[in-house]
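# Coordinates in review
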Amino acid sequence: MKPQILWNYFLEILKIPHGSGNEEQLRNYIIDIAKQHNLDYSVDKVGNLLIKKSATKGYETRKTVVLQSHLDMVCEKNSDVVFDFEKDPIQHEIVDGWMKAKGTTLGADNGIGVATQLAILTSKNIEHGNIECLFTIEEETGLTGAFGLEPNWLKAEILLNLDSESDGIFCMGCAGGIDTEVTIPYTLEKVPNDFKFYEISVKGLLGGHSGDDINKGRENAIKLCSRMLLAGIREFGLKLNHFKGGNLSNAIPREATAKIAIPAEKSTDFENYVKDFYALVKKELPLTEPNVAIELQPVELFTNILPDKETENLVKVLTAVPHGVIRMATDIPNFVETSTNLASIDMENDEILIKTSQRSSVESRKHEVAGQVASTFQLIGARTKHGTGYPGWTPNVNSPILKIILDAYKRLYNKEGQALAIHAGLECGVISEKYPDMDMVSYGPNMYGIHSPDERVEIASVERFWGLTLEILKNIPEN
């Protein structure tokens, strides 16, 4: 795999736990590398790391460039995989030219960017001007590092964000986002006599990034499970003990499970209903969800259930709350303007906790859909709160660094690159507020299935990404 230096660093990164909020070990690993190569480094008050490397001979008068990526990764795994993201190294494999993990996220988002920075910082034969390498923290859970940046810490005039996922597509703008959390208190009562007990599971869905993949027709496991539960309530007298689905606000839920009780005299009919519903779903989703699975398993007796009214309200509101694309952009063809993701549900400590996230490239629309989601849950008396959110990044079609990148890509690979805005949050939006005069572009190699255990990175595209980055650094203009 080429370049060897980049892949060597990435394989080392896979050995180091670095989920959001747990980046210290990886940061210390990078600091050790900086010390070994006599590179200046500093850590700010929130935990971001900045390393500086002086220009090579003949490039001293070029503009300073900051290469930027985030230290943290999304920690997702399949339910049947035993894995501790705080201790275990990522187990990778190579399949048909792609690197992926075994049942977990890989962390190529943004480990490939981190490895690229380390390869550039430690290489002796790369031509470049003065470089700053910025490693931010907790990008995946709220852009904490970007929000914590001090306005005068960076001295660069150009920023290359190494956190995009499509070879030949160069991001010049992104959506802003906000999270909406919902809390519903609940009580329990005794299960009546003559009931049978089951666990119903939805699994095998593709999931994916709640921004990049929201327009691909992928099913939401919580929505699909709620659809079954609603029919179970109406037709079979279903009672609910527990409902859990999804995990992270920036991932489309792939799995959901519910523990339920069915009157014994209707249990056979309910089992047949689930079989028929599964067959129906397979017909509905043959292309978008080819591996969808719905399972119904008998479980041991449990003694408590939600009261009927609380169960009905919960299932109805999960069915009613919007999920997916809300509005397409009017000024950019085939571009999602506004969306919302019903991300997760869990029940513990007498409360149901539901997480959702909203995105839009129009600030007012972002708040509108967040209000729509909150209002839907408030109809059943739920408590809702919005996160602080993060801003979008306004596209600059006249960006000088964008032109340099597009010219370099055409020169190297004899094909045109594309400059686009994306329906996902990038740290560029926050950084551009703190450094409004900084010229920036985001790009990266081909990655698919990020934020899910299907995450994979194309090996050949990493080599192209590396070659392009070196060509960009060679062609940074004079200061």
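Located above this text is the structure these notes cover.
Residues numbered from 1 in each chain as written. Predicted model: local features only at pLDDT ≥ 70, side-chain atom pairs only at ≥ 80, totals over all residues. Heavy atoms only, no water.

## Quick word on the sheet that holds strand E22 (residues 447-448)
Two modes of strand pairing occur in sheets, parallel and antiparallel, and in both the strands are linked by backbone hydrogen bonds. Spatially, E4-E5-E23-E22 is the arrangement adopted by the four strands of the open sheet, whose pairing is antiparallel. Where the open sheet ends on each side, the last strands, each with one partner, are strand E4 (92-95) and E22. Here E4 pairs with strand E5 (residues 98-101) via four bridges, running antiparallel. Following the sheet pairing, Ile94 is matched in E5 by Met99. Across the face of the sheet, helix H11 (residues 459-474) comes into contact with E4, E5 and strand E23 (456-458) while running at roughly 60° to E23. (Pairing = 2+ DSSP bridges. Helix = DSSP H or I, 4+ residues; strand = E, 2+ residues; numbered from the N terminus. Contact = heavy atoms within 4.5 Å. Axes fitted to C-alpha atoms, helices over the stretch in contact; angles between N-to-C directions.)

## Focus: the packing of aromatic side chains
The geometry of an aromatic ring pair comes down to the distance between the two centres and the angle between the two planes. Taken as a whole and judged by the stated rule, the model has 13 aromatic pairs. Ring centres 6.2 Å apart and planes at 50° place the aromatic pair Tyr198 and Phe270 in the tilted group. In this pair, Tyr198 is assigned in strand E11 (residues 195-203) and Phe270 in helix H6 (residues 267-284), connecting sequence segments 72 residues apart. Judged by relative accessible area, which is 1%, Tyr198 ranks as buried. The class for Phe270 is buried, based on a relative accessible area of 1%. Their ring planes at 65° and their centres at 5.3 Å tell us that Tyr409 and Tyr413 sit as a pair that is edge-to-face. You can see Tyr409 and its partner Tyr413 sitting in helix H9 (residues 400-413), four residues apart, about one turn around the helix. (Phe/Tyr/Trp six-rings, centres within 6.5 Å; stacked < 30°, edge-to-face > 60°. Buried < 20%, exposed > 50% of the residue type's maximum accessible area, 1.4 Å probe, protein only.)

## Quick notes on unusual backbone geometry
Between Lys2 and the following residue, Pro3, the backbone shows a cis peptide bond with an omega angle of -5°. The residue Pro3 is located in the segment before helix H1 (4-14) in this model. The omega angle of the peptide bond from Asp109 to Asn110 is 10°, so this bond is cis rather than trans. Along the chain, Asn110 falls in helix H3 (residues 108-122).

## A closer look at the packing of helix H5 (residues 221-236) against helix H7 (residues 308-320)
Each pair of packed helices gets described by two things: the angle between the helix axes and the distance between those axes. One can describe the packing of H5 onto H7 by two numbers: an axis separation of 9 Å at closest approach and a directional angle of 135°. One way to sum up the angle between H5 and H7 is to call them oblique. Crossing geometry of H5 relative to H7 is assigned as left-handed. Of the residues in H7, those in contact with Ile222, Lys223, Ser226, Leu229, Leu230, Ile233 and Arg234 of H5 are Thr311, Glu312, Val315, Lys316, Leu318, Thr319 and Ala320. Tallied by class, the residues present in the contact of H5 with H7 amount to seven nonpolar, three polar and four charged. (Parallel < 35°, antiparallel > 145°, perpendicular 65-115°, else oblique. Left-handed = near helix turned anticlockwise from the far one by under 90°. Nonpolar A, V, L, I, M, F, W, Y, C, P; charged D, E, K, R; others polar.)

## A closer look at the state of the cysteines
Applying the stated rule across the entire model yields zero disulfides. Free of any disulfide, Cys174 has its nearest neighbouring cysteine sulfur in Cys171, separated by 6.0 Å. With a relative accessible area of 4%, Cys174 lands in the buried category. (Disulfide = S-S within 2.5 Å.)

## Describing the pattern of salt bridges
Per the stated rule, a full pass over the model turns up 23 salt bridges. Ionic pairing is found between Glu363 and Lys366, a salt bridge with its closest N-O pair at 3.0 Å. Taken together, the residues Glu363 and Lys366, both in helix H8 (residues 363-378) and three residues apart, mark about one turn of the helix. A relative accessible area of 2% places Lys366 in the buried class. Salt bridges here are not isolated pairs; linked through shared partners, they connect Arg327, Glu337, Arg365 and Glu368. (Salt bridge = Lys/Arg side-chain N within 4 Å of Asp/Glu carboxyl O.)

## Considering helix H10 (residues 427-434)
For H10, every residue scored as buried is listed here: Glu427, Cys428, Gly429, Val430 and Ile431. Looking at the buried side of H10, the elements it contacts are strand E3 (65-70), strand E6 (131-136), helix H4 (144-148), strand E7 (158-161) and strand E21 (439-442).

## Brief notes about the side chain of Arg359
Here Arg359 shows up in strand E18 (residues 351-360). Despite its burial, Arg359 pairs with no opposite charge, the nearest such side chain being Asp212 at 7.1 Å. In this structure the side chain of Arg359 is engaged in a polar contact, spanning 2.9 Å, whose partner is the side chain of Ser210. (Lys, Arg positive; Asp, Glu negative; His and termini not counted. Polar contact = N/O pair within 3.5 Å; in protein donor to acceptor, adjacent residues only side chain to side chain.)

## Structural notes on the packing of H5 against H6
It is the contact of H5 with H6, at a shortest axis distance of 11 Å, that shows an interaxial angle of 145°. The two elements H5 and H6 cross, and the hand of that crossing is right-handed. Contact residues: H5 offers Leu224, Arg227, Met228, Ala231, Gly232 and Phe236, while H6 offers Asp269, Phe270, Tyr273, Phe277, Leu280, Val281 and Glu284. Tallied by class, residues from the contact of H5 with H6 come to nine nonpolar, one polar and three charged.

## Some points on the environment of Leu285
Tracing the sequence through the fold places Leu285 in the loop between H6 and strand E14 (293-298). Residue Leu285 is classed as buried on the basis of its relative accessible area of 9%. Along the sequence, Leu285 and Thr340 sit 55 residues apart, while their C-alpha atoms lie 21 Å from each other. Discounting residues that sit within four places of it in the chain, Leu285 has contacts with Glu219 and Pro290.

## What about the nonpolar core?
Ile30, Ile112, Phe135 and Leu160 are the most contacted members of the largest nonpolar core, which has 65 residues in total. Among all residues touching Ile112, those that are not within four sequence positions of it are Leu6, Trp7, Phe10, Gly107, Pro445, Met447, Val457, Val462 and Phe465. (Core = buried A, V, L, I, M, F, W, Y, C linked by side-chain atoms within 4.5 Å.)

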